[in-house]
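# Structural overview
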Amino acid sequence: MESSDSKPTRNAPPAKPRRASVRQGSTSESSRKRSQSAAVTIRDVAERSGFSSATVSIVLNNAPLARYIPDTTKGRIQRAASHLGYRPNLFARSLRGRRSHTVGVMVFDMTDPYCTLVLRGIENTLYQSSFLPILTDVHNERSRFERYLEMLLDRRIEGLVVLANWLFVDINVLADLEKNNIPTAIVGRELKNDNISSVIVDNNLGARAALEHLHSLGHRKIAFIRGPRQLSDTEPRWRGVRTLARERDLELDSRLIVDLPESGDPLSSFEQGYKLTEELLHRRRPFTALMAFDDMTAFGAIRALAKAGIRVPDQCSVVGFDDVSPAAIYSPALTTVRQPMEVMGTAAATIVLEAISANLEKKPIRTMHRRIVPELIVRDSTRSVK
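Rules behind the numbers
- Positions within a chain are numbered from 1, following the residues in the order the chain's sequence is written.
- Per-residue local features are limited, in this predicted model, to residues with pLDDT of at least 70; the limit for side-chain atom pairs, both in listing and counting, is 80 or more; totals at the level of whole chains, interfaces and linings are taken over all residues.
- As a convention, hydrogens and water are excluded, and side-chain values are obtained from all of the structure's heavy atoms.
- Here, a salt bridge means any Lys or Arg side-chain nitrogen found within 4 Å of an Asp or Glu carboxyl oxygen.
- Per the convention used, a helix needs a DSSP run of H or I reaching at least four residues, while a strand needs a run of E reaching at least two, with both numbered from the N terminus.
- Per-residue accessibility, obtained with a 1.4 Å probe over protein chains only, is compared with the maximum for each type, and a residue is labelled buried under 20%, exposed over 50%, and partly exposed between these values.
- A helix is expected to span 1.5 Å multiplied by its residue count minus one.
- The contact criterion used throughout is that any non-hydrogen atoms of two residues lie within 4.5 Å.
- The angle between two axes is taken between their N-to-C directions and runs from 0 to 180 degrees, where each axis is a line fitted to C-alpha atoms and a helix contributes only its stretch in contact.
- These descriptions rest on fixed angle ranges, namely under 35 degrees for roughly parallel, over 145 for roughly antiparallel, 65 to 115 for roughly perpendicular, and the rest for oblique.
- By convention, the crossing between two helices is left-handed when the near helix turns anticlockwise from the far helix through less than a right angle, and right-handed when the turn is clockwise.

### A few points about the pattern of salt bridges
Counting across every chain of the model gives 19 salt bridges. A salt bridge links Arg-285 to Asp-253; the shortest N-O distance between them is 2.9 Å. Of the two residues, Arg-285 is situated in the loop between helix H12 (268–282) and strand E8 (289–292) and Asp-253 in the loop between helix H11 (234–247) and strand E7 (257–259); the sequence distance between them amounts to 32 residues. The class for Asp-253 is buried, based on a relative accessible area of 12%. Because the salt bridges share partners, they merge into one network encompassing Asp-323, Arg-338, Glu-375 and Arg-379.

### A look at helix H13 (residues 295–307)
An α-helix turns once every 3.6 residues. As a result, residues three or four positions apart point the same way. The terminal C-alpha atoms of H13 lie 19 Å apart, and with 13 residues this matches the ideal 18 Å at 1.5 Å per residue to within 8%. Within H13, 10 of the 13 residues are buried, which leaves the element mostly enclosed by the surrounding structure. Listed in full, the buried residues belonging to H13 are Asp-295, Met-296, Thr-297, Ala-298, Phe-299, Gly-300, Ala-301, Ile-302, Ala-304 and Leu-305. Those residues of H13 that are buried are in contact with strand E6 (222–226), H12, E8, strand E9 (317–322) and strand E10 (335–338).

### Re the packing of H12 against H13
Relative orientation of the contacting elements H12 and H13 amounts to 45°, with a least axis distance of 7 Å. Relative to H13, the element H12 lies oblique. Where H12 crosses over H13, the two elements pack in a sense that is right-handed. When H12 is examined against H13, the residues Ser-269, Phe-270, Gly-273, Tyr-274, Thr-277, Glu-278 and Leu-281 are found in contact with a partner set consisting of Met-296, Thr-297, Phe-299, Gly-300, Ala-301, Arg-303, Ala-304, Leu-305 and Lys-307.

These values are about where atoms sit, not about what they do.
Now the structure itself:
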């Protein structure tokens, strides 16, 4: 009995739990190493290099006292940090130094084609200065604007750029920016505020250039789709039209002038351009050219003219404003006034960065208002009167 009982014991396979425990121990050890490498601290670098945590901190943070530390010591510490994969905690450093190296960027509607190139200019400029943009889309909602602004201030942004592309009203909460001494630049609208900078296109000059182009092609019966009355771009563009009309003795027929309605949706101008052009055609007042408030409105106008059997530009020329990306590939390619949008984004970001530097140097911040000159881009949607 003893012999038969002991036989299977001698022939039994090695105990599995022992092997399992070895594998688990190995896995645990590698996980611990990965965890350690993912969160290397000043103390770890000090242990590796053989120097005190204070010395390591001075070297890795490039503190003023670092100039008194021998280069050989610095080299050993930096090699140890590199070997361990040490990365500085920028957030903790920013809290200590009251610097965040972030700039808030508020867009009123990300779907607006106007925004893309402006954002590119802002992002490139901030990148070159090692600032991180924090982008928010407020959906043309006042409450969302106020909440996002509060959140950005809580995150200690050092500056703010706001794209006022469609609806932007003077909001009292902007007083928080002045109270917190946050350098701010608005793109697309010049506020009546001595503490907020702005970058806008010269709308008056752009509208004059567009109408001058149509007039030079022999057009005298011109229809106009003006912008919404509330939008700040509308008045200066129409002022440019009226001024040039007087200079060229050009009659502006009130029956050929319509207005875009107020809207929080920038893409609605395509539909409105279509409907308003149909309305102009129903008035049975002949016109050989149409000047639209912006490119999206012009696209809608061209669609309505095509539906009515009117060929562009053979029977009617159309000109827009903005030069959004689809303008060059539309059919026909759109003649338009180009807003140098990337330049405007660059200018706004530069103003904010210069103001941040002035803040750090305890110098007074200068409010700047830049007006960028637009450019007429002639394409296939305009031609001379036959």
